[in-house]
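# Observations on the three-dimensional arrangement
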Amino acid sequence: MRTIAVHGGTPLQGEVSVEGAKNSTLKLMAAALLAPGVTRITNVPDISDVETMGEVLAGLGASMTRHDHSLEIDATELTSHEAPYEMVARMRASISVLGPLVARLGQARVAMPGGCAIGSRKIDMHIRGLEGLGVHVETGHGFIHASAPHGLKGKELTLDFPSVGATENLLMAAVLAEGTTVIENAAREPEIQDLAALLVAMGAQIEGAGSPVITITGVSELHPVEHRVVGDRIEAGTFLVAGAITGGAVRVRGFDPRDMDIVLTKLEQAGCRVQLHEDGATVGCAGRPMAVDIQTLPYPGFPTDMQAQFMALMALAEGSCVITENVFENRFMFADELTRMGADVRIESHHALIKGVAQLSGAPVRSPDLRGGAALVLAGLVADGDTLISDIHHIERGYERFVEKMRALGASIEIRNN
Ligand code: UD1
């Protein structure tokens, strides 16, 4: 069993660069299916989710080659329209091939993701949206079967909630539809703007990506291009909180600090010093942070993917605060592990009530998911004694060289093969 061992107590200092965004890369890879030929994606993180998406694409007949931090995806010919259950179960983002496949091939068969560790994560908006575009969708035997033998037709669609995944799937389907599609109440995340930038470079006509209303005028074909992935704002936020929680100061390069406006504002309210740079930000914190309330919301609100890391920081705050999770149900699973390290956290439905304590104590803990796992490492960095984190494959799904980068900032941390 591989574990991460952290010996707490060293303030992190120095600079670290983030990779390209995981959540963008996976969708850009799916979008490559839309353009016959070889699409090149650069600034790709070396994480296991990228490998998994490569396997999904290979199963469809698209080959992927990888050199250092770039990928070449050859989607000249697709030989299958099916994403099997073992892939979708391993990585939910596999469902983002649904839109591109039905747009390019006229049909797609994708396994239903089912429940997952951070809540039920439904796909009804993906399905209703595709139906709006004239796709016939049948679900049964654990699969979604989408078919549009005569092509897709543009339509005005309104999402019930600005879902990232539904916005992306519908965007990728609508670029090849006949006529104009309008997606209202669209998600506005920077990763959606990145996807739209790739599609526009491929020849798509898209306006309004990054706003709540996206207008897409369908074109008959797309061509492959080269595209650089936007920097990972969540990886960046994780390292900034690592500096803050240890009473150190970390400069993170490789992301646009405007994409993390609310997180940086909350860190400032917690008493940290925040400096913005063109290519990132520096956050430093001396002494205990002050307690601040947060609530997660779709972008530009506080990202749910930073909620666990922020809770680790608040566990050590002067005073009490409330963290409200509005995006996913059951996303407080790591709080039980944090409590085992001495944190005072009470969960009431989708609120976490946190009374700051002066010190956490190192303990063996289990990483429940990607961001929860990262947050436990942050807690371990400042806890008294040793913290041993198991189930680290969750962390490796989304963070490249996490331990190595932490060590370069001065952390006493290592991977153990027990
Ligand atoms: C993406 C990100 C994830 C991030 C999340 C919110 C990837 C690979 N994952 O996930 O890291 O935490 O955005 O920023 O990019 N919902 C429905 N019906 C639907 C679709 C969604 O009810 O058809 C609900 C979900 O159950 C959830 C909420 O909407 O409660 C948000 O989901 P969504 O924005 O779609 O997140 P993902 O795309 O799955």
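Above this text is the structure in question.
Let us look at the sheet that holds strand β6 (residues 82–83). As summarised here, the arrangement of the 4 strands in space is β6-β7-β9-β8, forming an open sheet in which the pairing is mixed. Only two strands of the sheet have a single partner each, and these edge strands are β6 and β8 (136–140). Running at roughly 155° to strand β7 (residues 107–111), helix α4 (residues 98–105) makes contact with β7 and β9 (143–147) of the sheet.

We now examine the nonpolar core. Counting 75 residues, the largest nonpolar core has Val97, Val175, Leu199, Ile206 and Leu222 as its most contacted members. For this core, the element with the highest residue contribution is helix α6 (residues 164–174), accounting for 6 residues. Not counting residues up to four positions away in its chain, the partners in contact with Leu222 are Leu34, Ala35, Pro36, Val175, Leu176, Leu199, Met202, Gly203 and Ala204. Judged by nonpolar contacts, the second largest core, of 74 residues, contains Leu12, Val241, Val357 and Leu360.

What follows is about the packing of helix α10 (residues 307–314) against helix α11 (residues 333–340). For the pair α10 and α11, interaxial distance at closest approach is 11 Å and the crossing angle is 25°. As summarised for this structure, α10 and α11 are arranged roughly parallel, according to the angle between their axes. For the element pair α10 and α11, the recorded crossing hand is right-handed. Taking contact as the criterion, the partners of Gln307, Ala308, Met311 and Ala312 in α10 are, on α11, Phe334, Ala335 and Leu338. Classifying every residue of the contact of α10 with α11 gives 6 nonpolar, 1 polar and no charged.

The next point concerns the pairing of strand β23 (residues 386–390). Consecutive residues of a regular strand have side chains that alternate between opposite faces of the sheet. Where strand β1 (residues 2–7) and β23 come together, 4 bridges link them in antiparallel fashion. By the bridge assignment, Ala5 is partnered in β23 with Leu388. Note: strand β22 (residues 364–366) against β23, 3 bridges, orientation parallel. Residue pairing in the sheet places Val365 in a bridge with Ile389 of β23. With helix α12 (residues 370–382) bridging β22 and its parallel neighbour β23, the resulting β-α-β unit is right-handed.

Turning to the site of the ligand, a few remarks are in order. Of all residues adjacent to the ligand, which total 20 residues, the nearest are Asp124, Met125, Ser163, Asp305 and Val327. Separating an oxygen atom of the ligand from a side-chain N or O atom of Arg92 is a distance of 3.2 Å. Taken by itself the ligand offers 740 Å² of open surface, and the protein chains cover 86% of this. When residues of the shell around the ligand are traced back to their parent elements, those giving at least two are α1 (22–31), α5 (124–132) and α6. Element by element, the count of residues in the shell around the ligand is highest for α5, at 3 residues. Its residues placed into classes, the shell around the ligand shows 7 nonpolar, 5 polar and 8 charged.

Attention now moves to the packing of aromatic side chains. This model, assessed by the stated rule, comprises 3 aromatic pairs. An angle of 75° between the planes, with centres 5.3 Å apart, marks the rings of Phe302 and Phe310 as edge-to-face. Phe310 shares its class with Phe302; the two are buried. Between Tyr399 and Phe402, the aromatic rings sit 4.6 Å apart at their centres with planes inclined by 40°, giving tilted as the arrangement. Residue Tyr399 is classed as buried on the basis of its relative accessible area of 3%. Over the ring of Phe143 we find Arg109, and its NZ or CZ is 3.9 Å from the ring centre.

Here the second largest pocket is characterised by a volume of approximately 160 Å³. Lining of the second largest pocket is provided by 14 residues; of these, Ile245, Thr246, Leu316, Ala358 and Val382 occupy positions nearest its centre.

Before going further, it helps to examine the pattern of salt bridges. Tallied over the full model, the rule gives 28 salt bridges. In this structure, the salt-bridge partner of Glu19 is Arg401, at a minimum N-O distance of 3.3 Å. Of the two residues, Glu19 sits in the loop between β2 (13–17) and α1 while Arg401 sits in the loop between α13 (393–398) and α14 (402–408), which places them 382 residues apart along the sequence. Judged by relative accessible area, which is 9%, Glu19 ranks as buried. On the basis of relative accessibility, which here comes to 38%, the residue Arg401 falls in the partly exposed class. A salt bridge links Arg401 to Glu404, with the nearest nitrogen and oxygen atoms 3.6 Å apart. It is possible to trace a salt-bridge network through shared partners that takes in Glu19, Glu235, Glu400, Arg401, Glu404 and Lys405.

Assignment of secondary structure puts Phe143 in strand β9. By relative accessible area, Phe143 is classed as buried at 13%. C-alpha separation for the pair Phe143 and Pro190, spaced 47 residues apart in sequence, amounts to 30 Å. Not counting chain neighbours up to four residues away, the residues in contact with Phe143 comprise Glu82, Ala83, Pro84, Tyr85, Arg109, Val110, Ala111, Met112 and Glu138.

What counts and how
Residues numbered from 1 in each chain as written. Predicted model: local features only at pLDDT ≥ 70, side-chain atom pairs only at ≥ 80, totals over all residues. Heavy atoms only, no water. Pairing = 2+ DSSP bridges. Helix = DSSP H or I, 4+ residues; strand = E, 2+ residues; numbered from the N terminus. Contact = heavy atoms within 4.5 Å. Axes fitted to C-alpha atoms, helices over the stretch in contact; angles between N-to-C directions. Core = buried A, V, L, I, M, F, W, Y, C linked by side-chain atoms within 4.5 Å. Buried < 20%, exposed > 50% of the residue type's maximum accessible area, 1.4 Å probe, protein only. Parallel < 35°, antiparallel > 145°, perpendicular 65-115°, else oblique. Left-handed = near helix turned anticlockwise from the far one by under 90°. Nonpolar A, V, L, I, M, F, W, Y, C, P; charged D, E, K, R; others polar. Right-handed = clockwise from strand over helix to strand, strands pointing away. Near = heavy atom within 4 Å. Polar contact = N/O pair within 3.5 Å; in protein donor to acceptor, adjacent residues only side chain to side chain. Areas by Shrake-Rupley, 256 points an atom, 1.4 Å probe, with all protein chains shown as cover. Phe/Tyr/Trp six-rings, centres within 6.5 Å; stacked < 30°, edge-to-face > 60°. Lys NZ or Arg CZ within 6 Å of the ring centre and 35° of its normal. 1 Å grid on protein atoms, 1.4 Å probe; cavity = no way out; pocket = protein on both sides within 12 Å on 5 of 7 lines; lining within 4 Å. Points joined across faces, edges and corners; volume = space filled by probe spheres on them. Salt bridge = Lys/Arg side-chain N within 4 Å of Asp/Glu carboxyl O.

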